[in-house]
Amino acid sequence: MALAETQRLTLREMERGDAVAIQSVFNDDYAHRFYPEMTNEAAAIEWIDRNRERYQRDGFGLWAIIDKTSGALIGDCGPTWQDAGGTRVLEIGYHIASQWRGRGYALEAARAAMAFGFARTTEPLIGSIVATDNASSVSVARRLHHDVRSYVNARGLDRFLFFTRRERYVSS
């Protein structure tokens, strides 16, 4: 069942059968810099199970991104609750497999996920947490959100919180 759709993409809940495709999203050197734990199918199944728990508990989580033309699972995207320097934030996360990057899919999916977040919650702010050295994700977040602040996370790592306040949000 589609939770959100765009011109080119369908976002749906992940299933355990998506494990190989989800693992491939993180199966390159660039992605491993930011997600070193995603090295095998067992890690992908844990990722999927964690999101399936979010679907039950929160009504949302990271969803599989499906390219409508090919039917391929090309990444994941969706709203999840995260800690941003001691503040609970509804975060739009996004991850795209290397062979699909650079085509605007992350921004397209993230816009759909943000629209879902503002429509289905009363949150005053929705953000995206990005490692300061993740140039690709920083580029997407700059186009998705209106504001940014930096913070140090619980593991002592520098992060950006890009965010959009509800009163500034205009659906696209």
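Below is a short write-up of the structure.

Analysis parameters
Per chain, the residues get numbers from 1 upward, laid out in the order the sequence is written. Under the rules for a predicted model, residues below a pLDDT of 70 receive no local features and side-chain atom pairs below 80 are neither given nor counted, while totals for whole chains, interfaces and linings still include all residues. Where side-chain values are given, they derive from all heavy atoms of the structure, hydrogens and water being excluded. By the criteria applied, helices consist of DSSP H or I runs no shorter than four residues and strands consist of E runs no shorter than two, each listed in order from the N terminus. Atoms considered for the radius of gyration are the C-alpha atoms alone. The globule rule reads 2.2 Å times the number of residues to the power 0.38. Burial classes: relative accessible area under 20% of the type maximum marks a residue as buried, over 50% as exposed, and values in between as partly exposed (1.4 Å probe, protein chains only). Residue contacts are defined here by distance: any two heavy atoms, one from each residue, within 4.5 Å place the two residues in contact. Here the accessible surface of atoms and residues is derived via Shrake-Rupley with a 1.4 Å probe, and residues count as covered only by protein chains that are part of the display. Residues counted as positive are Lys and Arg, residues counted as negative are Asp and Glu, and His and the chain ends are not counted. For charged residues, the charge sits on one atom: NZ in Lys, CZ in Arg, CG in Asp, CD in Glu. An axis is simply a line fitted to the C-alpha atoms; with a helix, the fit covers only the stretch in contact. Between two such axes, the angle follows the N-to-C directions and lies from 0 to 180 degrees. Should an angle lie under 35 degrees it is considered roughly parallel, over 145 roughly antiparallel, and from 65 to 115 roughly perpendicular; all remaining angles are considered oblique. By the definition used in this description, the sense in which the near helix is turned from the far one sets the handedness, with an anticlockwise turn below a right angle giving left-handed and a clockwise turn giving right-handed. The nonpolar core is taken to be a set of buried Ala, Val, Leu, Ile, Met, Phe, Trp, Tyr and Cys residues, with the residues joined through side-chain atoms within 4.5 Å. At least two bridges found by DSSP between two strands are what make those strands a pair. One less than the residue count of a helix, multiplied by 1.5 Å, gives the span that helix is expected to have. The salt bridge definition used is simple: a Lys or Arg side-chain nitrogen within 4 Å of an Asp or Glu carboxyl oxygen.

## So, the overall build of the chain
Check the secondary structure of the chain and you find five helices and eight strands. For the chain, the α and β elements follow one another from N to C terminus as β-β-α-α-α-β-β-β-α-β-α-β-β. Taking 2.2 N^0.38 as the reference for a compact globule, 172 residues should give roughly 16 Å; the C-alpha atoms of the chain span a radius of gyration of 15 Å, in line with that estimate. Viewed in the frame of its principal axes, the chain has a C-alpha envelope of about 35 × 35 × 30 Å. For the chain, the residues scored as buried account for 49% of the 172 residues in total. Contacts in the chain between residues far apart in sequence, at least 24 positions, make up 57% of those at least 6 positions apart. Of the roughly 8,700 Å² of accessible surface on the chain, a fraction of 47% belongs to carbon and sulfur atoms. Averaging the coordinates of the 22 positive side-chain charges in the chain and doing the same for the 22 negative ones gives two points 5 Å apart.

## What about the packing of helix α4 (residues 105-120) against helix α5 (residues 135-144)?
As a packed pair, α4 and α5 sit with axes 10 Å apart at the nearest point and diverge in direction by 45°. Here α4 is positioned oblique relative to α5, judged by the angle of their axes. Crossing geometry of α4 relative to α5 is assigned as right-handed. Here Ala-106, Leu-107, Ala-110, Arg-111 and Met-114 of α4 come into contact with α5, specifically with Val-140, Arg-143 and Leu-144.

## What to know about the nonpolar core
In terms of nonpolar packing, the biggest core is built from 48 residues, with Leu-11, Met-14, Ile-22, Ile-65, Cys-77, Ile-92 and Tyr-94 touching the most fellow members. The element that contributes the greatest number of residues to this core is α4, accounting for ten residues. With residues near it in sequence (within four places) discarded, Ile-22 still touches Met-14, Met-38, Ala-44, Trp-47, Ile-48, Leu-73, Gly-75 and Asp-76. Ala-84, Val-89, Leu-161 and Phe-163 belong to the second largest nonpolar core, which has six residues in total.

## Focus on the pairing of strand β3 (residues 63-67)
For a regular strand, the rule is simple: side chains alternate between the two faces of the sheet. With five of five residues buried, β3 is to be regarded as a mostly interior element. Bridge analysis of strand β2 (residues 9-12) against β3 gives four bridges, and the strand direction is antiparallel. The residue bridging Thr-10 from the neighbouring strand is Ile-66, located in β3. Here β3 runs beside strand β4 (residues 73-83); their pairing, made up of four bridges, is antiparallel. Within β4, the position partnered with Trp-63 by the bridge is Cys-77. Turn length for the β3-β4 hairpin, with the two strands adjacent in sequence and antiparallel, is five residues, and the turn residue Gly-71 shows positive phi of about 80°.

## Points about α4
For α4, built from 16 residues, the straight-helix expectation of 22 Å at 1.5 Å per residue is met to within 8% by its first-to-last C-alpha distance of 22 Å. The element α4 is extensively covered by neighbouring structure, given that twelve of its 16 residues are classed as buried. Residues of α4 that are buried: Tyr-105, Ala-106, Leu-107, Glu-108, Ala-109, Ala-110, Ala-112, Ala-113, Met-114, Phe-116, Gly-117 and Phe-118.

## Focus on the pattern of salt bridges
What the rule picks out here adds up to ten salt bridges. The partner of Asp-49 in a salt bridge is Arg-16, with the nearest N and O atoms 2.6 Å apart. Of this pair, Asp-49 sits in helix α3 (residues 41-58) while Arg-16 sits in the loop between β2 and α1 (19-25), placing them 33 residues apart in sequence. The exposure class assigned to Asp-49 is partly exposed, which follows from its relative accessible area of 24%. Of the charged contacts, one joins Asp-28 and Arg-101 as a salt bridge, the two residues approaching to 2.8 Å between their closest N and O atoms. Taken together, the residues Asp-28 in the loop between α1 and α2 (29-34) and Arg-101 in the loop between β5 (88-96) and α4 connect sequence positions 73 residues apart. Overall, the relative accessible area of 29% leaves Arg-101 in the partly exposed class.

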